[in-house]
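# Chain and residue survey
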Amino acid sequence: MERIFLIGNAHIDPVWLWKRAEGLSEIKATFRSALDRMNEFPGYIFTSACASYYKWIEESEPEMFDEIRKRIKEGRWAIAGGMWVQPDCNIPCGESFARHLLYSQNYFLEKFGVLTDTGYNVDSFGHNGMLPQLLAKAGISSYVFMRPDSDKEKPSLPENLFVWRAPDGSETLTYRIPLPYCTAGVPRLDEYKALSERDGVPYMAFYGVGNHGGGPTVSMLSSLEKLIGKDIKYSSPSEYFRSVRENIDMGKLRVLKDEDLQHHASGCYAALAKVKKLNRRAETALISAEKSQELCRHLLPGTKSRRDKLSAAWEKVMFNQFHDILAGCA
């Protein structure tokens, strides 16, 4: 069994210290780079989440979108996440999380013929205890995150691979990224190997230029090509979790419950209250509008559907639930 699964990725904040148009530009450049690297390195696999990014590419770069579709079929491009963006995982209401999963999984199924089985919120600031139940209902059995870290924010949780259980009993096999997912060079493989030997489980090693996009570079991949071997392989999060389930005694993994994955940057939850208030108003208005439409459709035959407008409105709300927007640190 391989000990290190290399996860080529590019953490892309669609907004943070820049505006949305610049984020779109970075997504285009990053996806183009990922596709070009696949032509140069036949074993390389790229992982990307966030359904909204794919929709932007579909609408603005249809030829690139077709390339991505082909690479997904080949298994060279891995879809993760199952959400519209990487949202804040505490402030949105339950119905919003349901829309993230419903809209995104339906989009992936319609456009690529696949459903992701791996949740992927590597940058969110904490993870509410109901997520395993919500993920399970969307067909997602595994989860990847990074925050809170184990050194300063969650020293009570030294393990990086565990089972996370919701109050209803739903369970998600969960991996916390122990080292930075944004790298300027090859990942710190010696440290990953030491962690794997310590814990007796395989590890995912994330690599690729990130935050403002970029992804794995020619230099990174050229170096990694020399290291690929018995214990190290190019991979995806889904393949990693399949290998864990096949080779590890799941009964020996620690079980975490409820709110054990809290918090990172908790001060953000008291920042920019206006943004949080407007988010809640938008959520409740859309939920009320959906209920009103269904009542009209059943009680007033011939009522014109507003589903397209409601969907477009939900997409705006979900985008603005991106963790740096809703937490107030963009």
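Up top is the structure these notes are about.
Structure report, in brief. Note that the coordinates shown come from a computational prediction; the quantities given were computed from them, not determined experimentally. (Residues numbered from 1 in each chain as written. Predicted model: local features only at pLDDT ≥ 70, side-chain atom pairs only at ≥ 80, totals over all residues. Heavy atoms only, no water.)

For the α-helix, the turn length of 3.6 residues means that residues three or four positions removed from each other point alike. Helix length check: helix 4 (residues 94-112), at 19 residues, gives a terminal C-alpha distance of 27 Å against a target of 27 Å (1.5 Å per residue), a fit within 8%. Listing the buried residues of helix 4 in full gives S96, F97, R99, H100, L101, Y103, S104, Q105, Y107, F108 and F112. On the buried face of helix 4, the contacting elements are helix 2 (51-60), helix 3 (62-74), strand 3 (77-79), helix 5 (131-137), helix 9 (273-299) and helix 10 (307-319). G113 lies just past helix 4 and shows a positive phi near 75 degrees. (Helix = DSSP H or I, 4+ residues; strand = E, 2+ residues; numbered from the N terminus. Expected span 1.5 Å × (residues − 1). Buried < 20%, exposed > 50% of the residue type's maximum accessible area, 1.4 Å probe, protein only. Contact = heavy atoms within 4.5 Å.)

Quick look at the sheet that holds strand 4 (residues 118-121) now. Pairing within the open sheet is mixed, and its 5 strands lie in the order 4-5-7-6-10. Because the sheet does not close on itself, it has two edges, and the strands there are strand 4 and strand 10 (255-257). The sheet shows a mean angle of 30 degrees between the axes of neighbouring strands, taken without regard to direction. When strand 6 (residues 161-165) meets strand 7 (residues 171-176), the two strands line up antiparallel, connected through 5 bridges. Its bridge partner being in strand 7, F162 is matched across the sheet by T174. (Pairing = 2+ DSSP bridges. Axes fitted to C-alpha atoms, helices over the stretch in contact; angles between N-to-C directions.)

All right, on to the packing of helix 4 against helix 10 then. Between helix 4 and helix 10, whose axes approach to 11 Å, the crossing angle comes to 110 degrees. Regarding the angle of helix 4 to helix 10, the classification is roughly perpendicular. Of helix 10, the residues touching helix 4 (which contributes S96, R99, H100 and Y103) are L310, S311, W314, E315 and M318. Residues belonging to the contact of helix 4 with helix 10 are distributed by class as follows: 4 nonpolar, 3 polar and 2 charged. (Parallel < 35°, antiparallel > 145°, perpendicular 65-115°, else oblique. Nonpolar A, V, L, I, M, F, W, Y, C, P; charged D, E, K, R; others polar.)

A few words now on the pairing of strand 4. Side-chain alternation along strand 4 places T118 and Y120 on one buried face and G119 and N121 on a second face that is also buried. A crossover connection joins strand 4 to the parallel strand 5 (residues 142-145) through helix 5; in handedness this β-α-β unit is right-handed. (Right-handed = clockwise from strand over helix to strand, strands pointing away.)

Quick look at unusual backbone geometry now. The amide bond that connects R147 to the next residue, P148, takes the cis arrangement and shows omega of 5 degrees. By the element assignment, P148 lies in the loop between strand 5 and strand 6. Omega for the peptide link from Q262 to H263 comes to -20 degrees, which places this bond in the cis form. On the secondary structure map, H263 appears in the loop between strand 10 and helix 9.

A separate point is the pattern of salt bridges. Counted under the stated rule, the structure contains 20 salt bridges. When the shortest N-O distance is used, the salt bridge between R165 and E171 registers 2.6 Å. Given the relative accessible area of 25%, R165 is considered partly exposed. (Salt bridge = Lys/Arg side-chain N within 4 Å of Asp/Glu carboxyl O.)

Now for the pairing of strand 6. For strand 6, a buried count of 4 out of 5 residues is recorded, marking the element as mostly surrounded by other parts of the structure. Where strand 6 folds back onto strand 7 in an antiparallel hairpin, the turn is made up of 5 residues, including G169, whose phi is positive at roughly 100 degrees. Judged from the 3 bridges that link them, strand 6 and strand 10 form a sheet pairing that is parallel. Residue W164 lies in a different strand from strand 10, and its bridge partner there is L256.

Evaluated as defined, the whole model comprises 25 aromatic pairs. Measuring from ring centre to ring centre gives 6.4 Å for Y107 and F112, while their planes differ by 85 degrees; the resulting arrangement is edge-to-face. As far as burial versus exposure is concerned, Y107 and F112 are alike and both buried. Each ring, one from Y143 and one from W164, has its centre 5.8 Å from the other, and the planes form 40 degrees; the classification is tilted. With Y143 in strand 5 and W164 in strand 6, the pair connects residues that are 21 residues apart, well separated along the chain. (Phe/Tyr/Trp six-rings, centres within 6.5 Å; stacked < 30°, edge-to-face > 60°.)

This part takes up the nonpolar core. Residues F31, Y54, W77 and Y175 are the most contacted members of the largest nonpolar core, which totals 76 residues. Beyond its immediate stretch of four places on either side in the chain, Y175 contacts Y143, V144, F145, N160, L161, Y192, Y203, M204, F206, Y240 and F241. Counting residues in hydrophobic clusters, the runner-up holds 16 residues, among them M83, C89, L157 and F162. (Core = buried A, V, L, I, M, F, W, Y, C linked by side-chain atoms within 4.5 Å.)

By the secondary structure assignment, S96 is in helix 4. For S96, a relative accessible area of 0% gives the class buried. With near-sequence residues (within four places) excluded, S96 lies in contact with E283, W314 and Q321.

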